[in-house]
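# A look at the structure
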Amino acid sequence: MTTLSVETRGGSDRREGIPVMTVRRVRKHFPIKEGAMQRVVGQVRAVDGVSLDIRRGETVGLVGESGCGKTTLGRCISGLLTPTHGGIYFRISDEQESELDRVLAVADDARTAADRRFLAELDSEHRIDTMNSKARHVYRRNCQVVFQDAFSSLNPRQLVKDIVARPLRVYREASGPELTERVVDLLDSVGLGRQHLYRYPHQFSGGQRQRISIARALALDPEFIVLDEPTSALDVSVQAQILNVLHELQREWGLTYLFISHDLGVVRLMADRIAVMYLGQVVEQGTATELFEHPLHPYTEALLAANPDIHADPSHRIQGLEGTVPDPANPPQGCRFHTRCPVATPLCGWEVDDAVAWLSDSRDLPDTLSGVERHSDFEATLAFDDEASAAAVGSRLASDEVPAAMAAALAEVEVDLGQVRIRFTERQPMELQEVEDGHLSACILHTDQS
Amino acid sequence: MTIPVSAPQDTMTTTPPLVATVQDLRVYFKTKAGLVHAVDGVSFDIRDRETLGLVGETGSGKSVTARSFLRLIQSPPGVYAGGRILFWSDEARRTGAEPVDLLTIPRHQLLDVRGNRIAMIFQDPGKALNPALTIREQVAEVFYQHRSEELLEGAYGDASLLIRRAAGQRTRLAERLLLRLPPLRQQATKLRRRVDDHVAAALNETQIANPRKIMDSYPHELSGGMKQRVMIAQALACNPDLLIADEPTTALDVTIQAKILELIRQLQERHQAAVLYISHDLSLVRQISDRVAVMYAGRIAETGRTEDIFHEPLHPYTRGLMAAVPSAGHTRGRLAAIEGTVPELVDPPASCRFHTRCPHAVALCGAIDPELLLVGPAGHQVACLAYNTPDQLGVDPSALPDLSRRTR
């Protein structure tokens, strides 16, 4: 269809399986500002330490509930947001990748001069937010995005021809009649035609608009496309059309996809590998079949249990999850899922906030609570106006009604006049660990930490 | 198309009594392009304590049908062009009174039904709740509007006129000031406490943790799932006979969705209400409904018991829709998509609405408008010419569509 010189593809062939995007310990924090001076009072940790490999020719699925940071991560990878910490590397070799992992595992001040040189070289050649302009030129044209809302991501004042031709114009790929022919070719490949060239976006249905978005993303023959919920605004019958088109294009053009979605059925169909996100972190990662047939993390299990399947046994009832997603500005300690986890253990990172939330949910927190003084996340003193309520809270925390896992993690409850001092056993944050070959989970039940 | 006022199976003792019946409902919208037939001859029954699932894609007219129950369609541009929606309240059923036609009853009577006998849960709880009022005020309004007599009962032997007006939320500014003065303040406070108890009880029923604390918060302080629970509390406060749920979980995450679904199911049982559940998600409707009606382009394509529809869908559209939902059995790139898009509903011709996208369509489909035919034992009805006999239509057998043969 379109012929591209070796040079425009950045001078590399398209070998299967080599890394396209290497994401290492990426964090994206958004400041919370308050008051007239816009003082920063906290950070929303939208993405908080994610590592991910995306290899050539594969589709990586990113699933999670709203607010888990999957779109933010997608935007970081596509260069629309700059990560606060960590690096996203484009097209590094296998050797460079293992070398990078080795260097990153070494503490900052213990790195040798050679290590630093290596990192500096990667930063200028491959890291997307610091790379030199030549490398950036190659990266930008090889990484495209298709957004969820095809209504707002297409300029309503431009004709389809201009929308799809825009990338080609910017990169001076074509002009005049040749440009039009290239646009027709692109429209053709997504199931539209020459008759659609001189129309405005509002004249199309949702499915057709998403096709236009895809054609625009394909214009520069990219290597990698971030698909951010491309079908969630569409009806099922149209969604099926778009998913088929995306698969067809991937086969023909040898594309690599990062497929972001909250719909497990769609991700299962489209992805080779899946990463499940919860509150800014990846909690489980593995091949699509492994993850759906043998989910490891309780959160993945909960997601699967809540997902209605049209072809499943009708007597099977879907199961929900208790509670709400915690505040990403103040995420729970230990495993971030422990506040809602049905199989939480005493080792999952119980903390002061859990005790206070439990007291207030069971309506046992008296109005006389005058202050909570935190010594750390795991230790605090609750001050009350009168001694009676302090004693009541103290005995309540010592009673059998406290959830067993939390009670076991509660190291100390001390009532002293109008104060209750509580201390939990400290726990480290959960890290993603390889449980089986290529199947990673961040749950204490699957690690040898316990 | 003529429809009998009561279907023959009504007389059978096994079927529960009707709560509402929609007969040949037509709702049109006047636009510059012409008259849009958003709902064009829809008929169905809702029976006591059952859940009817209304499924369809965007623009199929499912929400317009639901909103017509409470006459919530803005007019203009909306026009109720025909048909009726008969409703039997619990009381009417007991006394054997005549049903009311919700499309023609006077406004004051309609206001008595809205939120009282028929309640609605809307799709987006963020938009349906008033951002400027606390949860307490919003839920209390239902009680003030429909339960003012009950609020005055017992505690006030002969409540003063002012208290009566306060219980019906009919006080003016001067009167409200008067209610703050000593002689009446005590009674006014008592009334407010009583309403608070009702609100707390209603919220408690939806399993919200700490309802007294929630009452004082504003909608923006709550999560999506919590807001939807408040909406449900509001809707069920007056123990309605019919609950209309218009995509109540579309804006929520799957884990919360499952909880809300469970809650609706539980509360339906407790309140013994009938539910009209509207959704675009077939798998959800399968979970919650007893019967299903599949809508396409302002018409009902197929209706019947949930197990019949999902076990053996008859209409090509229902089949296509079910095959298009991705699941474990599918191979990538081989998803059975329904080609094309929903047709324009501006002055539609007399033809099967689905014939432009149907894989089995023949010439006849573009010329004859299929009627809902009873095909199965348990009220399984389908509107497709393939299930007609040649005699019914007066055509040659070979002219009928054959669902085992693809024409495109």
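Please read all numbers here as calculations on a predicted model, not as lab measurements.

## Here we look at the environment of A:Pro328
Residue and element names in this part refer to chain A. Structurally, the position occupied by Pro328 is in the loop between helix H11 (298–306) and helix H12 (352–361). Given the relative accessible area of 22%, Pro328 is considered partly exposed. Taking the C-alpha atoms as reference, Pro328 lies 35 Å from Ala388; in sequence the two are 60 residues apart. Residues within four places of Pro328 in sequence aside, it is in contact with Gln43, Val44, Arg45 and Leu279.

## Observations concerning unusual backbone geometry
For the bond running from B:Ser75 to B:Pro76, omega is -10 degrees, close enough to zero to count as cis. The topology assignment puts B:Pro76 in the loop between helix H1 (62–68) and strand E4 (78–87). Cis geometry marks the peptide bond from B:Pro76 to B:Pro77, where omega comes out at 10 degrees. Along the polypeptide, B:Pro77 turns up in the loop between H1 and E4. Of note, the phi angle at A:Arg25 is positive, near 45 degrees, even though the residue is not glycine.

## Side note on the sheet that holds strand E2 (residues 34–47) of chain B
Residues and elements named next belong to chain B. Within the open sheet, the four strands sit side by side as E2-E1-E4-E5. Their pairing is antiparallel. Only two strands of the sheet have a single partner each, and these edge strands are E2 and strand E5 (100–101). Both E4 and E5 contribute to a ladder of two bridges, which runs antiparallel. Directly across from Phe87, in E5, lies its bridge partner Val100.

## Some thoughts on the environment of B:Thr255
Relative to the helices and strands, B:Thr255 is located in helix H12 (residues 254–271). For B:Thr255, a relative accessible area of 0% corresponds to the buried category. Sequence separation between B:Thr255 and B:Gly225 is 30 residues, and the spatial gap between their C-alpha atoms is 9.8 Å. Discounting chain neighbours no more than four positions away, the residues touching B:Thr255 are A:Glu65, A:Ala302, A:Leu303, A:Ala306, A:Gly320, A:Leu321 and A:Arg340. Side chain to side chain, B:Thr255 and A:Glu65 meet in a polar contact 2.4 Å long.

The rules we used
Residues numbered from 1 in each chain as written. Chains lettered and ligands numbered in written order. Predicted model: local features only at pLDDT ≥ 70, side-chain atom pairs only at ≥ 80, totals over all residues. Heavy atoms only, no water. Helix = DSSP H or I, 4+ residues; strand = E, 2+ residues; numbered from the N terminus. Buried < 20%, exposed > 50% of the residue type's maximum accessible area, 1.4 Å probe, protein only. Contact = heavy atoms within 4.5 Å. Pairing = 2+ DSSP bridges. Polar contact = N/O pair within 3.5 Å; in protein donor to acceptor, adjacent residues only side chain to side chain.

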